[in-house]
Amino acid sequence: MENADHPLLNWIPYKLVETDNDVYFEWIYLGDKRYVDPFFEETIIKCKVHYNNSTRYKVVSSAENLIEWSAGLATTELKSLLFHVSRCGSTMMSQSLSVSPQNIVISEAPIIDQILRSNLFDFDKKRDLIKAVISLLGQKRFPEEKNLIVKLDSWHIFEVNQLRLIFPELPFVLLYRNPIEVLKSHAQLKGMHMVPNLLPSSIFGISAQEIEEISFHQYGAVVLEKYFQAYLDFYATDKNVSMYNYKEGMKSILERFLSFIDADYFIEEIDLMCERLNRHSKNGNIDFKGDSYVNDTLAIDFTKANVLYEKLDESLAELVHKN
């Protein structure tokens, strides 16, 4: 295999550490672990028990080391960046894609978020670091691996123009869903971006005054409004983006995505990916029987979110009509 004799085989950077006096990256040894868990962090936790990660010493590098070392490893081809509004099928999609041994699927790796949100790097250094980190995460570790798909955090839609400059030719994908359904899911278990001030509200373009004027639960609707508007703005101007509404059905979305990224799969692989859609996104041992919260009610004003949601649907319909 191409990387068999490389000293960094199975080693990846997984954390950016910023201190008062220094900036460095921590590395971790993956061993034979593939990225098949619903989220990148789950794989990292499993890897921490490996002997190479259990010593008293941490393996670290500078930003310059990381960029330089990334050039020495054979890597899979980055096929797409996947954006989503959360609770819209993105985890199901990434889990389905990870079934194929040809695919490496990186799902919400914190190190990417840390670089994007860092104030210590200018754009040029961020560009080099993002490309280097993605290359290292997508290194060829198994003979079948060919394709790399990166699922971002939901708030990275606000970094989409910066990411487009970094990857000018790469297909981008936007996943969204009816805002009422999204927030019913978050009412069961809130994601961190739906809780005021767990992430800086400035990420979403929400002012401190706005937070004071809305309820705790209304905050989630405002976040979705910001997401939807960012989707509309990008979709209207970018020529290499595909957008999918959860209501289309995950099988249809998966098939369209595979066509969009121009990757070749055996029929058996596609069948297995489609079969994975029948099971719970975060627990592949449980059959998916639909959402349990469909009849829940929410004390939230969805007026603006619904208007933007309908505009997204209209944008999709206009594209279909043109084609």
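Preceding this paragraph is the structure being described.
Read on for a plain summary of the structure. (Residues numbered from 1 in each chain as written. Predicted model: local features only at pLDDT ≥ 70, side-chain atom pairs only at ≥ 80, totals over all residues. Heavy atoms only, no water.)

1. Thoughts on the packing of helix α3 (residues 90–97) against helix α11 (residues 267–276)
In contact at an axis separation of 8 Å, α3 and α11 are set at 145° when each is read in the N-to-C sense. Relative to α11, α3 is oriented so that their crossing is right-handed. Where α3 abuts α11, its residues Met92, Gln95, Ser96 and Leu97 lie against Met273, Cys274 and Arg276. Looking at the contact of α3 with α11, its residues break down into four nonpolar, two polar and one charged. (Axes fitted to C-alpha atoms, helices over the stretch in contact; angles between N-to-C directions. Helix = DSSP H or I, 4+ residues; strand = E, 2+ residues; numbered from the N terminus. Left-handed = near helix turned anticlockwise from the far one by under 90°. Contact = heavy atoms within 4.5 Å. Nonpolar A, V, L, I, M, F, W, Y, C, P; charged D, E, K, R; others polar.)

2. Focus on the nonpolar core
Within the largest apolar cluster, 98 residues are counted, with the highest numbers of intra-cluster contacts made by Phe83, Ile112 and Phe172. Looking at which element gives the most residues to this core, the answer is helix α9 (residues 218–237), with twelve residues. Residues contacting Phe83, with those up to four places away along its chain left out, are Leu152, His156, Ile157, Val160, Leu163, Phe172, Val173, Leu174, Leu175 and Tyr231. (Core = buried A, V, L, I, M, F, W, Y, C linked by side-chain atoms within 4.5 Å. Buried < 20%, exposed > 50% of the residue type's maximum accessible area, 1.4 Å probe, protein only.)

3. A few points about the sheet that holds strand β4 (residues 77–84)
Judged by pairing direction, the sheet is parallel, and its five strands sit side by side in the order β5-β6-β4-β7-β8 without closing on themselves. Of all the strands in the sheet, the pair left with one neighbour each is β5 (103–107) and β8 (241–245). Averaged over all pairs of adjacent strands, the angle between their axes in this sheet comes to 20°, without regard to strand direction. Inspection of the sheet shows β4 paired to strand β6 (residues 147–151) by five bridges, in the parallel sense. When the sheet's bridge partners are listed, Leu78 is paired in β6 with Leu148. Sheet strands in contact with α9 are β4, β7 (172–176) and β8, and its direction is about 145° off that of β7. (Pairing = 2+ DSSP bridges.)

4. Remarks on the packing of aromatic side chains
Under the criterion given, the structure shown has ten aromatic pairs. Ring geometry for Tyr35 versus Phe40: centroids 5.9 Å apart, planes at 25°, classification stacked. Across the pair, exposure class does not vary: Tyr35 and Phe40 are buried alike. Sitting over the ring of Phe142, Arg34 keeps its end group 3.9 Å from the ring centre. The positively charged end of Arg164 is found above the aromatic ring belonging to Phe172, 3.8 Å away from the centroid. (Phe/Tyr/Trp six-rings, centres within 6.5 Å; stacked < 30°, edge-to-face > 60°. Lys NZ or Arg CZ within 6 Å of the ring centre and 35° of its normal.)

5. A short note on the pairing of β5
Looking down a regular strand, the side chains alternate between one sheet face and the other. Most of β5 is tucked away, with five of its five residues classed as buried. Side chains Asn103, Val105 and Ser107 of β5 all project onto a buried face; the interleaved residues Ile104 and Ile106 project onto the opposite face, where all are buried too. As defined by bridge partners, β5 adjoins β6 across five bridges and the pair is classed as parallel. Paired with Ile104 across the two strands is Leu148, which belongs to β6.

6. Side note on the environment of Val160
By the element assignment, Val160 lies in helix α6 (residues 160–166). Sequence spacing of Val160 and Asp32 is 128 residues, and the spatial spacing of their C-alpha atoms is 33 Å. With sequence-adjacent residues up to four places away left out, Val160 is seen in contact with Phe83, Phe172 and Phe234.

7. Some thoughts on the pattern of salt bridges
In total, this model carries 17 salt bridges according to the counting rule given. For the salt bridge of Glu77 with Lys79, the shortest nitrogen-to-oxygen distance reads 3.5 Å. Overall, the relative accessible area of 10% leaves Lys79 in the buried class. Its salt-bridge partner being Arg164, residue Asp238 comes within 2.8 Å of it at the nearest N-O pair. Placement of the pair is Asp238 in the loop between α9 and β8 and Arg164 in helix α6, with a sequence separation of 74 residues. Of the two residues examined, Asp238 and Arg164, each falls in the buried class. Three or more residues joined by partner-sharing salt bridges are found here, namely Lys15, Glu26 and Lys58. (Salt bridge = Lys/Arg side-chain N within 4 Å of Asp/Glu carboxyl O.)

8. Describing the sheet that holds strand β1 (residues 11–18)
Paired through backbone hydrogen bonds, the strands of a sheet run either parallel or antiparallel to each other. Reading across the sheet, the three strands line up as β1-β2-β3 and stay open at both edges, with antiparallel pairing between neighbours. Looking at the sheet topology across the chains shown, the edges are occupied by β1 and β3 (59–61). With direction set aside, neighbouring strand axes in the sheet form an average angle of 35°. Here β1 runs beside strand β2 (residues 23–29); their pairing, made up of seven bridges, is antiparallel. Opposite Val17, over in β2, you have Tyr24 as the bridge partner. In the packing of helix α4 (residues 110–117) onto the sheet, contacts are made with β1 and β2, and the angle to β1 comes to roughly 40°.

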